[in-house]
Amino acid sequence: MTASLPKARPQPDTAPRVGFVSLGCPKALVDSEAILTQLRAEGYDIAPTYAGADLVVVNTCGFIDAAVRESLDAIAEALAENGKVIVTGCLGAKGDIVREAHPDVLAVTGPHARDEVMAHVHSHLPRPHDPYTDLVPPQGIRLTPKHYAYLKISEGCNHRCTFCIIPSLRGDLVSRPVGDVMHEAESLVRSGVKELLVISQDTSAYGVDVKYRVGFWGGRPVKTRMTELCRALGELGAWVRLHYVYPYPHVDEVVSLMSEGRILPYLDVPFQHASPRILKLMKRPASTQKNLERIRGWRAACPDITLRSTFIVGFPGETEREFEELLAFLQEAQLDRVGCFAYSPVEGARANALPDPVPEAVKEERRERFMGVQAQISRARLARKVGRVVDILVDEVKGSKAVGRSAADAPEIDGVVQVDGARGLSVGQFAKVRITAAGEHDLAARVVPRR
Ligand code: SF4
């Protein structure tokens, strides 16, 4: 056997090169180190000259007037010598100073913004995929089909619903920086995702923990707030579907985005109950009357909106009369999609200590009655769609049949549209179909031929 030298590992294309100018105090220096470390960790080279750089990051200082001047001069120099400049640091936090002086910069962030800076670097100077070092594709590993993806915008929860132990497991709300969320969403859409499913424990609370801090996406300031995030997501050209939205007043703003066609007219709002006393025992914030008013308002603003919710029946102490209040709410609210759980104690939940547990058989009987009432409502609401032409996203194709979902159907939890005449359709494609029949959960449809 002949010995041979190990084969040289093929090298990835030349790494992209980032120039770096660091101004300011030791705190700014630490920020610079964090960004440089991340750049190197991701395989970027650091260029020692403007000419050798594909892009330049300038970390600025805005402490005193002289520092502001020095920072603006450094940005001017980087623009003149290189042309592609991302500005970060304290000057970026001082309103529009940078953009007014230098409108051509690619992006501006405030201090301590490593992740936002990296998001801008990624969008202006993508890192080449190196299969030898990148064990995962740029959009990460996903368990969903290629054409839809969940987009988690925060972790934890500030509520203390008595039946839930999530806050003790995951802590209080921590919102992800809006620039990071947008960067992930862009990368998902670039990889073929057609539908983004926004999730969290409480989507309406997005940004509360960071006082709705302004972040940056594509060089533009974007508030860490549900409405602003949804507006930005709506620009990506994918369906955007909102889950776990608490019925706060500012939800009206996203309903306006829905009526403008920017995001899907779909709201998943977990109401959980309708009896004021049970809601209080659950420590849920909203009142039933307000919820009904909100539902009416949403429907007036966006008549096509699909409302989905979940409820718990048989909560400790729930009387027959309180359960009937819940049924009356269902009749009044006419929700499109509803999930219902019989209460079951979770270890560690405070509701376990409440008196008067509801016997299992009663819980189950209430759940069945509840689902019976909702089945009639869902069936009637779906029946109104027969004859309409709707857009669907195709999930499955088998010969001349396909299964898709309309704006009204979230994957896994809602119904589907069973499509005939689907030859030629492919998974992940949008198609126009005419609804031909409706059941309790699903619709049947035929493809509308393209003219
Ligand atoms: S049920 Fe939802 S809102 Fe209530 S504490 Fe749990 S995670 Fe938070």
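The structure presented is a predicted model; accordingly, all values stated were derived computationally and were not measured.

A short note on the overall build of the chain
So, point 1. Counting its regular elements, the chain contains 12 helices and 20 strands.
So, point 2. Overall size of the chain, expressed as C-alpha extent along the three principal axes, is 75 × 60 × 55 Å.
So, point 3. Across the chain, the mean location of the 57 positive side-chain charges is 4 Å away from that of the 56 negative side-chain charges.

Section: the site of the ligand
So, point 1. The environment of the ligand is made up of Cys157, His159, Cys161, Phe163, Cys164, Ile166, Pro167, Gln201, Tyr246 and Arg284.
So, point 2. Of the residues in the shell around the ligand, the class split is seven nonpolar, two polar and one charged.

A word on the sheet that holds strand β16 (residues 389-398)
So, point 1. Overall, mixed pairing links the five strands, which are arranged β16-β17-β18-β20-β19 in a closed barrel. When strand polarity is set aside, the average angle formed by the axes of neighbouring strands in this sheet is 50°.
So, point 2. As defined by bridge partners, β16 adjoins strand β19 (residues 430-438) across five bridges and the pair is classed as antiparallel. Directly across from valine 390, in β19, lies its bridge partner valine 433.

Some points on the side chain of glutamine 374
So, point 1. Mapping glutamine 374 onto the fold places it in helix α12 (residues 360-383).
So, point 2. Residue class for glutamine 374 comes out buried when judged on its relative accessible area of 2%.
So, point 3. Excluding its chain neighbours within four sequence positions, the residues that come into contact with glutamine 374 are Leu330, Leu335, Asp336 and Val338.

Side note on the packing of aromatic side chains
So, point 1. Enumeration over the complete set of coordinates arrives at eight aromatic pairs.
So, point 2. Between phenylalanine 311 and phenylalanine 370 the ring centres are 5.4 Å apart and the planes differ by 50°, which places this aromatic pair in the tilted class. Here phenylalanine 311, found in strand β14 (residues 306-313), pairs with phenylalanine 370, found in helix α12; they are 59 residues apart in sequence, far enough to count as distant.
So, point 3. The rings of Phe271, Phe311, Phe329 and Phe370 are connected pair by pair, giving a single aromatic cluster.
So, point 4. Above the face of the tyrosine 212 ring, arginine 225 is positioned so that its terminal group lies 5.7 Å from the ring centre.

With respect to the environment of alanine 402
So, point 1. Tracing the backbone shows alanine 402 in strand β17 (residues 401-405).
So, point 2. Taking the C-alpha atoms as reference points, alanine 402 and glutamate 325, 77 residues apart in sequence, are found 41 Å from one another.
So, point 3. When neighbours within four sequence positions are excluded, alanine 402 is seen to be in contact with Val394, Glu396, Val397, Val417, Gln418, Val419, Ala422 and Leu425.

Considerations on helix α2 (residues 65-81)
So, point 1. Compared with the 24 Å implied by 1.5 Å per residue over 17 residues, the 24 Å span of α2 between its first and last C-alpha is a close match.
So, point 2. Among the structural elements, β1 (17-22), β3 (55-60), β4 (85-89) and α3 (97-101) are those in contact with the buried residues of α2.
So, point 3. Looking one or two residues past α2, glycine 83 carries a phi angle of roughly 100°, positive in sign.

Considerations on the packing of helix α7 (residues 226-233) against helix α8 (residues 251-259)
So, point 1. Two numbers describe how α7 lies on α8: the axes approach to 9 Å, and their chain directions differ by 15°. As far as their axial angle goes, α8 and α7 are roughly parallel. Two packed elements cross with a definite hand, and for α7 against α8 that hand is right-handed. Contact residues: Met226, Thr227, Cys230 and Arg231 in α7; Val251, Glu253, Val254 and Leu257 in α8.
So, point 2. Taken together, the residues of the contact of α7 with α8 break down into five nonpolar, one polar and two charged.

A short note on the environment of phenylalanine 329
So, point 1. Among the secondary structure elements, phenylalanine 329 is positioned in helix α11 (residues 320-333).
So, point 2. The buried category is assigned to phenylalanine 329, whose relative accessible area is 3%.
So, point 3. A sequence separation of 56 residues divides phenylalanine 329 from histidine 273, and the C-alpha atoms of the two residues are 8.8 Å apart.
So, point 4. Look past the residues within four positions of phenylalanine 329 in its chain and what remains in contact with it is Phe271, Ala274, Thr288, Asn291, Leu292, Ile295 and Phe311.

Here's the deal with the sheet that holds strand β5 (residues 107-108)
So, point 1. An order of β2-β1-β3-β4-β5 is seen for the five strands of this open sheet, with the pairing classed as parallel. The sheet is open, and its two borders are formed by β2 (45-47) and β5, each paired with just one other strand.
So, point 2. Here β3 pairs with β4 via five bridges, running parallel. Among the inter-strand pairings, valine 57 is bridged to a residue of β4, identified as isoleucine 86.
So, point 3. In the packing of helix α1 (residues 26-41) onto the sheet, contacts are made with β1, β2, β3 and β4, and the angle to β1 comes to roughly 175°.

So, unusual backbone geometry
So, point 1. At lysine 211, a residue that is not glycine, the phi angle is positive and equals roughly 50°.
So, point 2. Mapped onto the elements of the fold, lysine 211 is located in the loop between β9 (195-199) and β10 (214-217).
So, point 3. Despite not being glycine, lysine 283 has its phi angle at roughly 60°, a positive value.

Remarks on the pattern of salt bridges
Two side chains with opposite charge may pair up if their charged atoms get near one another.
So, point 1. In total, this model carries 30 salt bridges according to the counting rule given.
So, point 2. Across the pair lysine 432 and aspartate 391 runs a salt bridge, and its minimum N-O distance is 2.7 Å. Of this pair, lysine 432 sits in strand β19 while aspartate 391 is found in strand β16, placing the two residues 41 residues apart along the sequence.
So, point 3. Residue class for lysine 432 comes out partly exposed when judged on its relative accessible area of 44%.
So, point 4. Residues aspartate 395 and arginine 405 are paired through a salt bridge, measuring 2.7 Å at the closest nitrogen-oxygen approach. Of this pair, aspartate 395 sits in strand β16 while arginine 405 sits in strand β17, and the two are 10 residues apart along the sequence.
So, point 5. Each of the salt bridges in this network shares a partner with another, and the network as a whole consists of Glu318, Glu320, Glu324, Glu365, Arg366 and Arg369.

Calculation rules
Residues numbered from 1 in each chain as written. Predicted model: local features only at pLDDT ≥ 70, side-chain atom pairs only at ≥ 80, totals over all residues. Heavy atoms only, no water. Helix = DSSP H or I, 4+ residues; strand = E, 2+ residues; numbered from the N terminus. Lys, Arg positive; Asp, Glu negative; His and termini not counted. Charge placed at Lys NZ, Arg CZ, Asp CG, Glu CD. Near = heavy atom within 4 Å. Nonpolar A, V, L, I, M, F, W, Y, C, P; charged D, E, K, R; others polar. Pairing = 2+ DSSP bridges. Axes fitted to C-alpha atoms, helices over the stretch in contact; angles between N-to-C directions. Buried < 20%, exposed > 50% of the residue type's maximum accessible area, 1.4 Å probe, protein only. Contact = heavy atoms within 4.5 Å. Phe/Tyr/Trp six-rings, centres within 6.5 Å; stacked < 30°, edge-to-face > 60°. Lys NZ or Arg CZ within 6 Å of the ring centre and 35° of its normal. Expected span 1.5 Å × (residues − 1). Parallel < 35°, antiparallel > 145°, perpendicular 65-115°, else oblique. Left-handed = near helix turned anticlockwise from the far one by under 90°. Salt bridge = Lys/Arg side-chain N within 4 Å of Asp/Glu carboxyl O.

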